[in-house]
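So the chains spell out like this:
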Amino acid sequence: MAKVELQDISRQFDRAIAVENISFTVPDGEFWVLVGPSGCGKSTILRTIAGLETATSGHLYIGETLMNGVPARQRDVAMVFQNYALYPHMTVFENLAFGLKMRQVEDSAIAQKVEKAARSLAIEHLLQRKPKQLSGGQQQRVALGRAIVREPQVFLLDEPLSNLDAQLRDETRAELKQLHTRLGITTIYVTHDCVEAMTLADRIVVLNRGRIQQIGSPHAIYNRPKNLMVATFLGNPPMNILRAIYIDGTFEIHDQTLPCPLTLRERLQPKNGQRFDLGIRPEHIRITPSTEQSHLTVKLDILEPLGRETLIRATLPQSDILLNFYSDGNWQGSPGDTLSIHLDLDHLLVFDPGSGKTIH
Ligand code: ATP
């Protein structure tokens, strides 16, 4: 096992810069997730670590060894892709054994290692089958097994669950987490799925347009995003964003007002009269009980019953400002209803509209 350290890694294709000045260190044994929209450079970073791509500049270390120029097969990393790429003419056993055979490991040791990997993935009963006799989920497990038998220093996983249906994806995700706890191998995992990022990661690296936006624990990324991009990328439904003008301790939102939290007033007062973007997550909005003072009035557009709770999609009257929030699953309402809502202002975020940075 080993740490993985990227120092100022950039990769340029012709004129396009795919990733720019990427620096982070994944400590030995941790599970890090690279997340971001399509084209942000996730795969390029992973392929650079694997040795399948060459950095235009910067340094890459695995353990204490500088890996620039070291061929992929000498890096002691195992990569799993979203398309499992199993050898179709070989059995599962042969697929798992292939890499070890190439390295001239003894037959008895191969059998032992293959059985151990198969046991840890619960695919022992499939060892004599060919890939086409397996479901997508089983094939993906074999692909993982092929990486595990090699006992690499580092696992690199590129969207390994994206070809699985929703239920299998949830199950395999949980298994992956258990597997990592058991094996403790340094893992770097690429996805654009926020749930995978939140549930699997020790640390999340959020990328956009080839640059790091924020590195942090799932809790920090979700609750203390550094900018509007991070705030709106993680979370489903996403954070609600309201355009507002700050005027003397209040935010004017369309033709309604919201009190500005005391902690922010000092920061915003010099910018009196300016526009800001406000962010509030759906779980921090609730329908106001009749005994409490409400903050905003909205028009209910769509109700989506989810069982335990109902997702409400609403708009500020006569505006295009959308708000998503939840009610209790038993709550009754109809499209067109007017609702009074309360915002938990302790969780209100304010973003600078120019830079998108969070104002603290
Ligand atoms: P996705 O989630 O869609 O797989 P990604 O975040 O993994 O995207 P990359 O595949 O790393 O993104 O691509 C980053 C940028 O680099 C994109 O703009 C892509 O078009 C560009 N790119 C990647 N590989 C090449 C290549 N071989 N030649 C030219 N441009 C490339």
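Residues numbered from 1 in each chain as written. Predicted model: local features only at pLDDT ≥ 70, side-chain atom pairs only at ≥ 80, totals over all residues.

1. A word on the overall build of the protein
Put simply, the rule is: Helix numbering and strand numbering both begin at the N terminus, where a helix is a DSSP run of H or I of at least 4 residues and a strand a DSSP run of E of at least 2. Neighbour counting defines burial: a residue surrounded by 20 or more other C-beta atoms within 10 Å of its own C-beta is buried, one with 12 or fewer is exposed, and intermediate counts give partly exposed, using backbone-placed C-beta atoms. Any residue pair is listed as a contact if its two C-beta atoms, each placed from the backbone, are within 7 Å.
Across its full length, the protein holds nine helices and 21 strands. Over its C-alpha atoms, taken along the principal directions, the protein stretches across nearly 75 × 45 × 35 Å. Per-residue burial over the protein gives 34% buried out of 360 residues. Taking as baseline every contact in the protein between residues at least 6 positions apart, the subset at least 24 positions apart corresponds to 65%.

2. What to know about helix α2 (residues 92-102)
Three or more residues of α2 are buried, namely V92, N95, L96, A97 and L100. Of the surrounding elements, those touching the buried residues of α2 are α3 (107-120) and α4 (136-149). Once α2 ends, the next one or two residues include Q104, with phi positive near 55°.

3. Here we look at the sheet that holds strand β17 (residues 309-315)
Threshold: Pairing between strands is defined by DSSP: at least two bridges between the two strands are required. Here an axis means a line fitted to C-alpha atoms, over the contact stretch when the element is a helix, while the angle between two N-to-C directions is reported on a 0 to 180 degree scale.
Ordered in space as β15-β19-β16-β17-β18, the five strands form an open sheet in which the pairing is antiparallel. Among the strands making up the open sheet, the edge pair consists of β15 (285-287) and β18 (322-328). For this sheet, the mean inter-axis angle between neighbouring strands, taken without regard to orientation, is 50°. Two elements, strand β16 (residues 296-305) and β17, share six bridges in a ladder whose sense is antiparallel.

4. Some words on the pairing of strand β3 (residues 31-35)
Two faces, one strand: in a regular strand the side chains alternate between the faces of the sheet. Of all five residues making up β3, five are buried, and the element is well covered by its neighbours. Taken together, the five bridges between β3 and strand β8 (residues 186-191) define a ladder with parallel strand orientation. Looking at β8, one finds that W32 is bridged to I188. Examined bridge by bridge, β3 and strand β9 (residues 203-208) share four bridges and lie parallel to one another. Considered in β9, the bridge of V33 is made with I204.

5. Remarks on the site of the ligand
Condition: A molecule or strand has a residue near it when that residue's C-beta atom, placed from backbone coordinates, lies within 6 Å of it. The classification used treats Ala, Val, Leu, Ile, Met, Phe, Trp, Tyr, Cys and Pro as nonpolar, Asp, Glu, Lys and Arg as charged, and all other residues, Gly among them, as polar.
In the vicinity of the ligand, the residues found are F13, A16, A18, G36, S38, G39, C40, G41, K42, S43, T44 and H192. The set of elements that each furnish at least two residues to the shell around the ligand consists of β2 (16-26) and α1 (42-50). Element by element, the count of residues in the shell around the ligand is highest for α1, at three residues. Taken together, the residues of the shell around the ligand sort by class into four nonpolar, seven polar and one charged.

6. Examining the domain arrangement of the protein
Using the following cut-off: These domain boundaries are the output of an automatic or database domain assignment.
When its domains are assigned, the protein resolves into domain 1 (4-233) and domain 2 (240-359). Look at where the C-alpha atoms of domain 1 and domain 2 centre, and you get two points 39 Å apart. In this assembly, seven residues from domain 1 lie in contact with eight residues from domain 2. Split by residue class, the side of domain 1 that touches domain 2 holds four nonpolar, two polar and one charged.

7. Remarks on the sheet that holds strand β12 (residues 250-253)
An order of β13-β12-β11-β14-β20-β21 is seen for the six strands of this open sheet, with the pairing classed as antiparallel. Where the open sheet ends on each side, the last strands, each with one partner, are β13 (256-259) and β21 (358-359). Two elements, strand β11 (residues 240-247) and strand β14 (residues 275-280), share six bridges in a ladder whose sense is antiparallel. If you follow L242 over to β14, its bridge partner there is L278.

8. So, unusual backbone geometry
A cis amide bond, omega 0°, links N236 with the succeeding residue P237. For P237, the location among the structural elements is in the loop between α8 (228-233) and β11. Unlike most non-glycine residues, E151 shows phi in positive territory, near 45°. The topology assignment puts E151 in the loop between α4 and β7 (154-158).

9. Digging into the confidence of the model for the protein
Heads up, the condition is: A residue's pLDDT is the predictor's confidence in that residue, given on a scale from 0 to 100.
Here the protein averages 92 in pLDDT, and 100% of its residues register 70 or above. Overall fold confidence (pTM) sits at 0.91, and the ipTM for the predicted complex is 0.96.

10. Quick word on the packing of α2 against α3
As a reminder, the rule being used: In this scheme, roughly parallel covers angles under 35 degrees and roughly antiparallel covers those over 145, while 65 to 115 is roughly perpendicular and the rest are oblique. Should the near helix be turned anticlockwise from the far one by less than a right angle, the crossing is termed left-handed; should it be turned clockwise, right-handed.
Where α2 meets α3, the axes come as close as 10 Å, and the angle between the chain directions of the two elements is 130°. Here α2 is positioned oblique relative to α3, judged by the angle of their axes. Considering how the two elements wind past one another, α2 and α3 form a crossing that is right-handed. Taken together, the residues of α3 that come into contact with α2 (itself represented by F93, L96, A97, L100 and K101) are I110, K113, V114, A117 and A118. A per-class count over the contact of α2 with α3 returns eight nonpolar, no polar and two charged.

11. Thoughts on the pairing of β7
Counting buried positions along β7 yields five of five residues, so the element is predominantly enclosed. The alternating pattern of β7 places V154, L156 and D158 and F155 and L157 on opposite faces, both of which are buried. Across four bridges, strand β6 (residues 77-80) lies against β7 in parallel orientation. Within β7, the position partnered with V80 by the bridge is L157. With five bridges connecting them, β7 and β8 associate as parallel partners. By the bridge assignment for β8, V154 is matched with T186.

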